[in-house]
Amino acid sequence: MDTYEPIIGLEIHVELKTKSGMFCGCPADHFGKKPNTGTCPVCLGLPGALPVPNKKAVEWTIMLGLALGSTIAEVSKFDRKHYFYPDLPKGYQISQYDQPLCRGGMVPTSFGDVRIHRVHLEEDTGKLQHATVDGKRVTLVDFNRSGVPLVEIVTEADIRSAEQAKEFLKKLHQIVRYLGISDADMEKGSMRLEPNISLRKIGEKGLPPYKVEVKNINSFRFAERAINYELERHARMLDEGKIPLQETRGWDEAKNATVSQRTKEEAADYRYFPEPDIPPMRFTQQMITNIQSTIPELPDAKLTRFTKDFGLNNQDASLLIESQELADYFEEAVKVATGRTNFSPKDIANWIINRKPDIDAVMPAKFIESMREAKEVVAVSDKDLFAVIDKVLAENAKAVADYKAGKQQSAMFLMGLVRRQLPKSDTKLILDTLRKSLDST
Amino acid sequence: MNSDLSIRDIAKKLRSKEFSSYDLTRECYDLIEKVEPKIHAFITLVDKKDALARARKIDEHMTQSPLAGIPYVMKDAYLTRGVRTTAASKILDDFIAPYSATVHKKLEDAGAILIGKMNMDAWGHGASTENTDYGPSKNPWDLTRSAGGSGGGPAAAVAARLSVFGIGEDTGGSIRNPAAWNNITAMKVTYGRVSRYGAIAYASSLDTVGPTAKTAEDCAFVLEAIAGHDPYDATSSKQPVPNYTKELEKSIKGKRIAFPTEFYGEALDPEINAAITKAREVFVSLGATVTDVSLPMLEYGVPVYYILAPSETSSNLGRYDGVRYGYGRNLFTKENKRRIMTGTYALSSGYYDAYYKKALKVRSLFIEEYQKLLVNYDAILSPVTPIMPSKFGELLNDPMKNMMADLYTVIVNIVGLPALSLPCGFGKGGLPIGMQLVGSMFSESSLFSLGHAYQKVTDWHMQLPQVLK
């Protein structure tokens, strides 16, 4: 293994959460819907039906490209990509071939930069379901997903380890979520990962003479495992003087291994040609500037700002910017605290990281309030606390007996009594100490 | 025979209650009963009871629309909700569309009465309506000859007065060629003028939806009802729709007509040449100028068309793979297979640049050349077909000849321009001859006024076919 260097590129598909489909008015939200209920002549590919592109989907793809540092095309177009598969009702997928919306770009990782090759827009396909109907094994097609806007992001083969791939994917996932253009939920298939993996002898230049593509990966962890599995497999083969087959493999969760799906001895001929049903698209600088202005502060910029402006360390800042909602929550809490308390942003950051408040339920102001109350408790010494607890336990023998008999509520009752004597105290601290006392008597 | 009247007259008489839509529709069905067995223009005849019931309803609530209560037919390439649509192929033998083409919807909204879905070359592949799975249509002027194609069915029906007007679909001449061979008038519209939504695609970048009728004026009435932007067709134009019927009467004095000399060479049947040369004089007598010009690229039209159209059709027909419509690919005709194979080849990697991409480049050159010419001219006067209506088998058995029949028509689709096809004489044996006026983008109105002026001083278009005598 030490004699080789991994050469990894990634293809990522992201379903956009637009209201309607890529080329029709059907709902783009297809998850968990009754099969074939969200369809129309266009996404069913009926004779005579025509695609009309979704403007929002185009704008969002450009937005993603801008967020990744891509160059946006002045002129772009859709193309038809032909292949036969039962989940593809027209016999072709409307995709983009030689004039993608975005080219180039870069995502830095702690292992080095990963360049973006291109970002383009296409339509998702239907979904096959293998089932038994009336005792017969059949394959059913659900077209609800057909025509859902799908963005494809292709990286250059810049990735050198599974860990780097995972970091890149997490960052991309975060960016997509920050932009609010997709749920990027991998379990629902709205973000799909396809690593292209090969090994090269250290010191050699250029791409290896083969690559293996792994499909059906629905988590970052599995992506990491699949890549490592493949790297080891390739190394073994190369050691034996064999070149791994150029093929598509799938990740088998149960076996914890990749399995061969189909070999790609020659590149498929998709017979691409410009989609005649959709006029080419032109973008002015003004349009691109307008889209640029809707991009929120992105994770990397936020991280830098949090460390600089709030004096946070990298690790804490990373935890806080995990989602835009959490980052906003932190900033709001800092704002509330300023002038009213002497909590530093660092105090607040730690408090959020340790206490993990339910940010949907507890408003930042409320959170700061509870923080202040809790902080004041520190004034209560262990000695005082134990004295009060001992007194309460002695006066409430029945509740103690109930607790011993398994009644958990009794502890809450007792805590209430303790707290009455020590107002402004930290309930969690009381409860913990109380339990200890109860358990040791 | 009220179906022989103009749309303007019919509209007037329906409102003065000289006859009803019910009477007119029933008259069409009676005539169909007599004539249809001879010419075989229909694939599906709308149930007479349904059509008459609709006519009765329109009679009771007559609207403003000039097409209200008027029977019409459509090429079987249009989806009509509830009425079978086949594209003349057994692959769709029992396909009943769950939605209607925009053009059908517009005509229904206008109160017109659909009475038939008409014969054509399967999937639009052909120029003689012989390449159909439902038996060829016969020319009402000579039953031993083809009705032209691909829309031979709607043209023959209008020629035989079985219907007041028809809706054709023109990808490489499919409206104009049968119009010329059946002695009727038809408009191949500017690409994007009429929505293609619900028209079964042959070659998407060339397909156009247009009217076929007896006169330029009738075509103007129909186009007024069907033209315009459609949110369901991204290639349909937002250009406002003129009031064609009003602008029809505009004088053509001073209009400049170009006469490309290359078009009138050896490839052209001398009878057609002579007829159009006479028409040229008529235009001059009406105050237009007709000038000889050069358009030397004509001969490249057919090769470019036969790369673009098969390529696109190979893609468009991919969906009829036997999974969803019940019948398999084995039911494509020889001509369908020939075009699918040609197109698949032309789009293959390694050949794409040499064929499809090159054809697109030539297409741009054509567009430039036509644009340049049409800066100085209002219309180009051109033949529609190089040959007179063919005998059965003549084109079907000779793919090269079949392609050359499209010489004058395909180039107009390649450049996306409008063209009015209209009768201009008769040859030996009383076979009709047509000519076409090609204009700049969205100049339908100007072409209608040229055609209308011509038809006011000629009577070719008023002649009735043999089958009615």
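Residues numbered from 1 in each chain as written. Chains lettered and ligands numbered in written order. Predicted model: local features only at pLDDT ≥ 70, side-chain atom pairs only at ≥ 80, totals over all residues. Heavy atoms only, no water.

A short note on the sheet that holds strand 3 (residues 113–118) of chain B
Residue and element names in this part refer to chain B.
- Taken in spatial order, the 11 strands make up an open sheet running 1-3-2-6-8-7-12-13-11-9-10, and their pairing is mixed. The sheet is open, and its two edges are formed by strand 1 (42–45) and strand 10 (289–293), each paired on a single side. Taking each pair of neighbouring strands and ignoring which way they run, the sheet shows an average axis angle of 30°.
- The sheet contact formed by strand 7 (residues 185–188) and strand 12 (residues 419–426) spans three bridges and is antiparallel. If you follow Ala186 over to strand 12, its bridge partner there is Ser421.
- Sheet contacts for helix 12 (residues 353–376): strand 9 (256–260), strand 10, strand 11 (379–383) and strand 13 (432–438); angle to strand 11, the most-contacted strand, approximately 120°. (Pairing = 2+ DSSP bridges. Helix = DSSP H or I, 4+ residues; strand = E, 2+ residues; numbered from the N terminus. Axes fitted to C-alpha atoms, helices over the stretch in contact; angles between N-to-C directions. Contact = heavy atoms within 4.5 Å.)

Remarks on the interface of chain B and chain A
- The interface is formed by 35 residues belonging to chain B together with 29 residues belonging to chain A.
- Approximately 2,400 Å² of surface area, both sides summed, lies buried where chain B meets chain A, with 58% of it carried by carbon and sulfur atoms.
- Viewed at the interface, chain A and chain B are joined by one salt bridge.
- Between Asp277(A) and Arg196(B) there is a salt bridge, and its shortest N-O distance comes to 3.0 Å.
- Our enumeration of links across chain B and chain A arrives at 12 residue pairs in polar contact (both at pLDDT 80 or more).
- If you list the elements that add at least two residues to the side of chain B that touches chain A, you get helix 10 (301–316), helix 11 (334–347) and helix 12 of chain B.
- Per element, the largest residue contribution to the side of chain B that touches chain A is four residues, and it comes from helix 10 of chain B. (Buried area = accessible area lost by both parts, 1.4 Å probe. Salt bridge = Lys/Arg side-chain N within 4 Å of Asp/Glu carboxyl O. Polar contact = N/O pair within 3.5 Å; in protein donor to acceptor, adjacent residues only side chain to side chain.)

A few points about a negative patch on the surface
All names here are of chain A.
- Taken together, Glu325, Asp328, Asp358 and Asp360 make up a surface patch of like negative charges.
- In this structure, Glu325 sits in helix 7 (residues 324–337).
- The partly exposed category is assigned to Glu325, whose relative accessible area is 48%. (Patch = residues over 30% accessible without salt bridge, like charges linked within 9 Å, V, L, I, M, F, W, Y side chains within 5 Å. Areas by Shrake-Rupley, 256 points an atom, 1.4 Å probe, with all protein chains shown as cover. Lys, Arg positive; Asp, Glu negative; His and termini not counted. Charge placed at Lys NZ, Arg CZ, Asp CG, Glu CD. Buried < 20%, exposed > 50% of the residue type's maximum accessible area, 1.4 Å probe, protein only.)

Description of the domain arrangement of chain A
- Partitioning chain A into domains gives domain 1 (4–292), domain 2 (299–377) and domain 3 (382–440).
- Each of domain 1 of chain A and domain 3 of chain A has a C-alpha centre, and the two are 58 Å apart. (Domains from an automatic or database assignment.)

Some words on the packing of helix 5 (residues 299–310) of chain A against helix 7 of chain A
All names here are of chain A.
- One way to put it is that helix 5 packs onto helix 7 with a least axis distance of 12 Å and a crossing angle of 20°. As judged from the angle between their axes, helix 5 and helix 7 are roughly parallel. For helix 5 against helix 7, the interelement crossing comes out left-handed. Mapping the contact onto sequence places Lys302, Arg305, Phe306 and Phe310 in helix 5 and Ala327, Asp328, Phe330, Glu331 and Val334 in helix 7.
- Of the residues belonging to the contact of helix 5 with helix 7, the class tally is five nonpolar, no polar and four charged. (Parallel < 35°, antiparallel > 145°, perpendicular 65-115°, else oblique. Left-handed = near helix turned anticlockwise from the far one by under 90°. Nonpolar A, V, L, I, M, F, W, Y, C, P; charged D, E, K, R; others polar.)

Structural notes on a nonpolar patch on the surface
Residues and elements named next belong to chain B.
- There is a patch of nonpolar side chains on the surface, built from Tyr345, Tyr351 and Tyr355 and spanning about 280 Å² of accessible area.
- Among the structural elements, Tyr351 can be located in the loop between helix 11 and helix 12.
- Relative accessible area serves as the criterion here: at 35%, Tyr351 is assigned to the partly exposed category.

Here's the deal with the pattern of salt bridges
Residue and element names in this part refer to chain B.
- Applying the stated rule across the entire model yields 51 salt bridges over all chains.
- Across the pair Arg176 and Asp170 runs a salt bridge, and its minimum N-O distance is 2.8 Å.
- Take Arg176: its relative accessible area is 0%, and that puts it in the buried class.
- Judged by its relative accessible area of 0%, Asp170 is buried.
- The residue Glu249 makes a salt bridge to Lys456 at a minimum N-O spacing of 3.0 Å.

Some points on the side chain of His234(A)
Residue and element names in this part refer to chain A.
- Along the chain, His234 falls in helix 3 (residues 220–239).
- A relative accessible area of 0% means that His234 is categorised as buried.
- Excluding residues that lie within four positions of it along the chain, His234 makes contacts with Ile197, Ser198, Leu199, Tyr210, Val212 and Pro244.

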